[in-house]
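Observations on the three-dimensional arrangement
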Amino acid sequence: MAKQPHLLVEEGDVHGTAILPGDPGRVGRIASQCDSEDLVAENREYRVVNAVYEGTPLTICSTGIGCPSAAIAVEELSRVGVDTFLRCGTTGALQRGIEIGDMVVATAAGKEEGTSKRYESANYPAVASYDCLHALVEASEARGEDVHVGAIVSDDAFYNETDEVVADWEAAGLLAVEMEAATLFALARRRGLRAGAVCTVDGNLVEGTQKGETDAGELPEKARNNVERAIGITLDAAVALE
């Protein structure tokens, strides 16, 4: 198969399991917890690295922000051999008592985004694969994390999440909001792939704490290395899924 036009990878370049952070800078943070790493390709928001963690080969690929670029990553990686996708990201909590630094493992994601709706009806569920869900929950609990398991929502409009919208999400019992999982889950189901997502909380919208608005010195201890801990959970899950 020809080299993919955005990720610049071809068959044989990547492994069967891919960890998907949004931020290209987070690829290196994930790779730093692995035993080895090798840069495969880098283009636009996509940085692709192969790594080995506890004997398990895996690929790390950033997706950028939002469902459109995440869909491109999933489409192109699946065409060259990836069949398991684990999103590792950050999220804003939507329920009181979920603290900055907690972990959220998504069972499903509401489609408050446009990309998945170009593939299928908004009525079709965007759900995590059971084995990925189980592996992420088990890894979280084994590490002693405060983990919340349930439905989240994926939204396109970061700067238009009004009080009314947030209140509706809260009333629906949705745990958190992020920007990629719905399309990841929907595409994986349609393509016969496996997908899961763990996100660490970086703010709580119903309690009035937004991403970047809390001084680092005021954060609880578990919020100060939360991304690294989410990475560890994702890596452990990748090993369990091998």
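Everything in this summary refers to the structure shown in the same document.

A tally of helices and strands in the protein yields 6 helices and 9 strands. The C-alpha atoms of the protein give a radius of gyration of 17 Å, which matches the 18 Å a tight globule of 242 residues would have. Seen through its principal axes, the protein has C-alpha atoms that stretch 50 × 40 × 30 Å. Evaluated residue by residue, the protein yields a buried proportion of 54% over its 242 residues. Taking as baseline every contact in the protein between residues at least 6 positions apart, the subset at least 24 positions apart corresponds to 77%. As displayed, the protein offers around 10300 Å² of accessible surface, 47% of which is attributable to carbon and sulfur atoms. Taking the 20 positively charged and 41 negatively charged side chains of the protein as two groups, their mean positions are separated by 5 Å.

So, on to the packing of helix α2 (residues 67-79) against helix α5 (residues 181-191). Two numbers describe how α2 lies on α5: the axes approach to 9 Å, and their chain directions differ by 30°. If you check the angle between α2 and α5, you find them roughly parallel. Regarding α2 and α5, the two cross each other, and that crossing is right-handed. Residue-level inspection shows C67, A71, V74 and E75 of α2 in contact with α5, the latter providing T183, L184, L187 and R191. In terms of residue class, the contact of α2 with α5 is made up of 5 nonpolar, 1 polar and 2 charged.

Two aromatic rings are characterised by how far apart their centres lie and by the angle between their planes. With the rule as written, the count across this model stands at 1 aromatic pair. A centroid spacing of 4.9 Å and a plane angle of 80° characterise the contact between F158 and Y159, whose relative ring orientation is edge-to-face. Overall, the relative accessible area of 35% leaves F158 in the partly exposed class. Looking at Y159, the relative accessible area reads 80%, which means it is exposed.

Thresholds, definitions, all that
- Residues numbered from 1 in each chain as written.
- Predicted model: local features only at pLDDT ≥ 70, side-chain atom pairs only at ≥ 80, totals over all residues.
- Heavy atoms only, no water.
- Helix = DSSP H or I, 4+ residues; strand = E, 2+ residues; numbered from the N terminus.
- Rg over C-alpha atoms; globule rule 2.2 N^0.38 Å.
- Buried < 20%, exposed > 50% of the residue type's maximum accessible area, 1.4 Å probe, protein only.
- Contact = heavy atoms within 4.5 Å.
- Areas by Shrake-Rupley, 256 points an atom, 1.4 Å probe, with all protein chains shown as cover.
- Lys, Arg positive; Asp, Glu negative; His and termini not counted.
- Charge placed at Lys NZ, Arg CZ, Asp CG, Glu CD.
- Axes fitted to C-alpha atoms, helices over the stretch in contact; angles between N-to-C directions.
- Parallel < 35°, antiparallel > 145°, perpendicular 65-115°, else oblique.
- Left-handed = near helix turned anticlockwise from the far one by under 90°.
- Nonpolar A, V, L, I, M, F, W, Y, C, P; charged D, E, K, R; others polar.
- Phe/Tyr/Trp six-rings, centres within 6.5 Å; stacked < 30°, edge-to-face > 60°.

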